[in-house]
Amino acid sequence: MNPISVASLLILSLVYPLHAEDPKEVFINVDNSYFKSHEKLHFASGSNLTLECASSVQGSQSPISYKWYITNQPYSSDTANRKEVSTKRVYSVTAQAAHSGYYMCFINTTEGYAVFTPAIHVIVEYFDVETKVLKKTIEPYTKVSVLACSTISANPTPNVRWLKDGVGIDILNLERNIMKVTGKVLDKIYNIKVNDLIILNYDDKYTGVYSCETEAKGTLFKGRKKVAYSYTVQTAASTNPMQDNTTNILFIDDGGRPNIGDAITLRCGASGYPTPSYVWQDVSNNALQTSDRFKVYQTKLIVKSVQGTDDDAEYKCRAESGDNGQTEPVRIQLSVQSPEFNSTMANSEYNIPGANVTVNLALKSTRSSASTTLLWNGRDLGNFGDRGELTYNQTSNTLTILNIKKNASGVFQGVIYNEAGMQTQFKTVVIRDAQPAAVAHTTKSNVDITVKGNTIHSVRGANFTMECEGSGNPTPKDITIDVPDQSNAKNFLEKVNQDGKYIGRLLIDSVTESYAGSYNCCTYNFVNGQRYDACVGITLAVEEKVQVTQNSPDEDYSLVIGSQVYGTKGYPLTAECKATGLPRPSINITRPNQCGTVSTITKSNDLEIIRVQYAKDTGCITDSFKCCGKNEIQGIEYDDCYSVTISFVEQQKPNSVLIENNGAIASDTGLISVNSNLDLNCSAKRFPEQFRSRFGFTEIRPV
């Protein structure tokens, strides 16, 4: 039985391989954007909504199945709260309001390995507000009159502002009699809803045109405005006196979820006759007054700066009308933080039957509570059966499986969630028979190196990564690569534990001959308490094809021009050629004459020189020789040759002496100003060619 594996980190791609591997990360692909954690995605109504759970299958014909679920919250452990919307890899619909929600993809193989993707929060946005013009006739003394603005064709629910005769109601100084409903509705009589406008104890002064102005929120239509309702309110011809003077709190508003340091406004609206007055109280029923901490109005209380847990508490709104009143608590609740993991879980563990396996969820502690669900192959841990003894430590969020059985292989997944979001991570545990450690050389050939078995053939200057791979079950504990003493690569070893193997990668940068030599890669593991070691030797050969070139010195009585060497009669002369390459080439010389003395000199491990020395009384006027070198690389022989010609000539006296000023101030007059630069060249013709001296002065000063 083999687990699922991810073939690509760019899409949610699960693979059933020849050898047991594990899922790395799971993604949802939306229009070539890849999501591996809880995200919000916005779609316009009528647009295409496509979610992809892409996969490929290798090494098995075992099918992979897919299920797409939608919920109305970031995660639900209750399957009854999940609605299955598709069993296809790609879920595609024309976005409508009903498609808003939280989507997760469940991937499963017939072998039983299964995992949930993170949730994607899809928000289908629209703003299709049409103005409705209505008339409203209200009898005087009506206790509660309602102007509705709760039915609006928009998502998300827009901001709503009420105006009377074009003026915002918040500046009419009528807050006790005309108010917009917000927060939580407590009324059970008048069918009041959030965003409706209520007029209390109506009289003639409240006649006029009331407009419900909406402004789109969200992302796609944000800022658009439209009047949803326009009411012309007039007074009925009636004078029925007020009969019911009971005080009833109709709604309370906790102001939303503030962060620490935010200002927040609490609201409260009540009916009664006469029109109620309000008192705001703390949890001990003490009346609050305007201060450096609060600003107290009739229907609202402003907390100027929320101070952590001190303000995560109840306040009270008391409405009083005549001899009766009602009190309701209004509780500030701090914003909910999306849960997080403190660190990334190791995504795989390969072990043997009978071992103890630990899965650490690494939950991050926050002030916001979160629920935790543990899954095994997509199911509750109650389905784990007798595959091992499960112990969960709630303090450390650590799951331990004692004496694990071979049939316990699978994906252990942790999900943490609250109303703000969800996160998930998982670990694949593969239980298989014990296998002592083994190690293999896995360096790959490229344009600069050729790998043959455990030998790497590299050119000088190459950059590559030497790699070896330790395997075994349990997974090897470590991997090392010992390098030759003269190598500069000692501190560039990267170690990677993945897919049940320990991989060592040694960076070899700008290869020189000092890197050549034997490298030793070793790993080990423990099987039933016994240590098993394994090593492999890797040989690095640094190679370069042979090249033969001129190497004659240019001395006082000689001149080298290309392959031509000029000597002066009566003076000794040295002519040389050199062969370079790796391995170091051999070199030989052929010459028609036997002038001079030939010697072979080895300068380094990649250089060999042939030298011909001519005495000062040599009888040769001309000479020539040919140097040829060769070396062998990977069984192929390479060679190269170079010819040198020597001529001896008579010494000549200098003539035609010329002094030139090449400085920036060169002039025909030869006059130089103080503190200027002077650059003189002095040349004279003689053998073997023009003689030139240079005299540079950085500054000229008067004597």
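Residues numbered from 1 in each chain as written. Predicted model: local features only at pLDDT ≥ 70, side-chain atom pairs only at ≥ 80, totals over all residues. Heavy atoms only, no water.

A. Spotlight on the overall build of the protein chain. Check the secondary structure of the protein chain and you find zero helices and 57 strands. Looking at the protein chain as a whole, 44% of its 703 residues qualify as buried. Long-range contacts, defined as pairs at least 24 residues apart, comprise 63% of the intrachain contacts of the protein chain with a sequence gap of at least 6. Total accessible area on the protein chain stands at roughly 35,200 Å², and carbon and sulfur atoms take up 46% of it. (Helix = DSSP H or I, 4+ residues; strand = E, 2+ residues; numbered from the N terminus. Buried < 20%, exposed > 50% of the residue type's maximum accessible area, 1.4 Å probe, protein only. Contact = heavy atoms within 4.5 Å. Areas by Shrake-Rupley, 256 points an atom, 1.4 Å probe, with all protein chains shown as cover.)

B. Examining the nonpolar core more closely. In terms of nonpolar packing, the biggest core is built from 28 residues, with Ile 198 and Trp 280 touching the most fellow members. If you look at the next biggest cluster of nonpolar residues, it comprises 24 residues, including Cys 468, Ile 481, Leu 506 and Ile 538. (Core = buried A, V, L, I, M, F, W, Y, C linked by side-chain atoms within 4.5 Å.)

C. Quick look at the side chain of His 99. Considering the arrangement of structural elements, one finds His 99 in the loop between strand E9 (90-94) and strand E10 (101-109). Looking at His 99, its side chain comes within polar contact range of the main-chain nitrogen of Gln 96, at 2.9 Å. In contact with His 99, not counting residues within four places along its chain, are Leu 49, Ile 70, Tyr 91, Val 93, Thr 94, Val 122 and Val 124. (Polar contact = N/O pair within 3.5 Å; in protein donor to acceptor, adjacent residues only side chain to side chain.)

D. Seen up close, the pairing of strand E52 (residues 607-614). For E52, a buried count of six out of eight residues is recorded, marking the element as mostly surrounded by other parts of the structure. As defined by bridge partners, strand E49 (residues 573-582) adjoins E52 across eight bridges and the pair is classed as antiparallel. Bridge pairing links Thr 580 to Leu 607 in E52. Pairing of strand E51 (residues 597-604) with E52, which is carried by seven bridges, proceeds in the antiparallel orientation. In the strand pairing of E52, Val 598 is matched with Val 612. Remark: two residues form the turn of the hairpin made by E51 and E52, two consecutive strands paired antiparallel. (Pairing = 2+ DSSP bridges.)

E. Examining the packing of aromatic side chains more closely. Counted according to the given criterion, the structure contains 13 aromatic pairs. Where Trp 376 meets Phe 384, the ring centres are 5.2 Å apart and the plane angle is 85°; that geometry is what we call edge-to-face. Aromatic ring contacts, followed pair by pair, group Tyr 69, Phe 106 and Phe 116 into a single cluster. For the cation-ring pair, Arg 82 lies above Tyr 69, with the distance from its terminal atom to the ring centre recorded as 5.9 Å. One cation-aromatic arrangement involves Lys 300 over Tyr 297; the distance from NZ or CZ to the ring centre is 4.8 Å. (Phe/Tyr/Trp six-rings, centres within 6.5 Å; stacked < 30°, edge-to-face > 60°. Lys NZ or Arg CZ within 6 Å of the ring centre and 35° of its normal.)

F. Local environment of the sheet that holds strand E31 (residues 357-360). If you walk across this open sheet you meet the three strands as E31-E35-E34, and the pairing is antiparallel. Since the sheet does not close on itself, it has two edges, and those belong to E31 and strand E34 (389-393), each with one partner. Mean inter-strand twist for the sheet, computed between neighbouring axes without regard to direction, equals 15°. As judged from the four bridges shared by E31 and strand E35 (residues 398-402), these two strands associate in the antiparallel manner. Looking across to E35, one finds that Val 359 is bridged to Leu 399. (Axes fitted to C-alpha atoms, helices over the stretch in contact; angles between N-to-C directions.)

G. Region of interest: the state of the cysteines. For the structure shown, the criterion picks out seven disulfides. Between the sulfur of Cys 468 and that of Cys 521 lies a disulfide, 1.9 Å long from S to S. With the S-S bond torsion at 80°, the cross-link from Cys 468 to Cys 521 turns out right-handed. Taken together, the positions of Cys 468 in strand E41 (residues 464-473) and Cys 521 in strand E45 (residues 517-527) put the pair 53 residues apart, joining distant regions of the chain. Each member of the pair, Cys 468 together with Cys 521, is buried. (Disulfide = S-S within 2.5 Å.)

H. The arrangement of the pattern of salt bridges in detail. Scanning the entire structure with this criterion turns up 17 salt bridges. Across the pair Glu 513 and Arg 460 runs a salt bridge whose closest N-O atoms are separated by 2.8 Å. In this pair, Glu 513 sits in the loop between strand E44 (501-508) and E45 while Arg 460 sits in the loop between strand E40 (455-459) and E41, placing the two residues 53 residues apart along the sequence. Through salt bridges that share partners, Arg 460, Glu 513, Glu 544 and Asp 606 make up one connected network. (Salt bridge = Lys/Arg side-chain N within 4 Å of Asp/Glu carboxyl O.)

I. Spotlight on the environment of Glu 111. Take Glu 111: it is sitting in the loop between E10 and strand E11 (114-116). Overall, the relative accessible area of 22% leaves Glu 111 in the partly exposed class. For the pair Glu 111 and Ile 64, spaced 47 residues apart in sequence, the C-alpha separation works out to 9.3 Å.

J. Region of interest: unusual backbone geometry. Residue Pro 156 is bonded to the preceding Asn 155 through a cis peptide linkage, with omega at 0°. Summarising the element assignment, Pro 156 is placed in the loop between strand E15 (154-155) and strand E16 (159-164). Omega for the peptide link from Tyr 273 to Pro 274 comes to -5°, which places this bond in the cis form. Looking at the secondary structure, you find Pro 274 in the loop between strand E24 (264-271) and strand E25 (277-281). Phi angles above zero are rare outside glycine, and Asn 195 is one such case at about 85°. Turning to its location among the elements, Asn 195 is positioned in the loop between strand E19 (184-185) and strand E20 (197-200). Positive phi outside glycine occurs at Gln 634, with the angle close to 50°. In this structure, Gln 634 sits in the loop between strand E53 (622-633) and strand E54 (636-649).

K. Spotlight on the sheet that holds strand E22 (residues 225-235). Pairing is mixed in the open sheet, where five strands are placed in the order E13-E22-E21-E16-E17. Both edges of this open sheet fall to strand E13 (132-138) and strand E17 (167-168), since each of them pairs with a single strand only. As judged from the two bridges shared by E16 and E17, these two strands associate in the antiparallel manner. Bridging across to E17, Lys 164 finds its partner in Val 167.

L. Quick look at the pairing of E9. The two faces of E9 differ: Tyr 91 and Val 93 on one face are buried, but Val 90, Ser 92 and Thr 94 on the other face are not. Here strand E6 (residues 48-52) pairs with E9 via five bridges, running antiparallel. Bridged to Leu 49 within E9 is Val 93.

M. Structural view of the side chain of Glu 52. As for its placement among the helices and strands, Glu 52 is situated in strand E6. For Glu 52, the side chain forms a polar contact with the side chain of Arg 89, separated by 2.8 Å.

N. Seen up close, the environment of Val 359. In this structure, Val 359 sits in strand E31. Val 359 gets classed as buried once you look at its relative accessible area, which sits at 2%. Each C-alpha atom, one on Val 359 and one on Ser 348, is 9.9 Å from the other, the two residues being eleven residues apart in sequence.

O. Representation of the confidence of the model for the protein chain. Per-residue confidence for the protein chain gives a mean pLDDT of 83; residues scoring 70 or more make up 82%. Model confidence for the protein chain, summarised as mean pLDDT per element, is weakest for strand E2 (residues 13-15) at 27 and strongest for strand E21 (residues 208-215) at 97. With pLDDT under 50 throughout, residues 1-25 is counted as low confidence; its partners more than four residues away or in other chains account for 105 contacts. When the criterion is pLDDT under 50, residues 690-703 qualifies, and its contacts beyond four places in sequence or with other chains add up to 37 contacts. (pLDDT = per-residue confidence, 0-100.)

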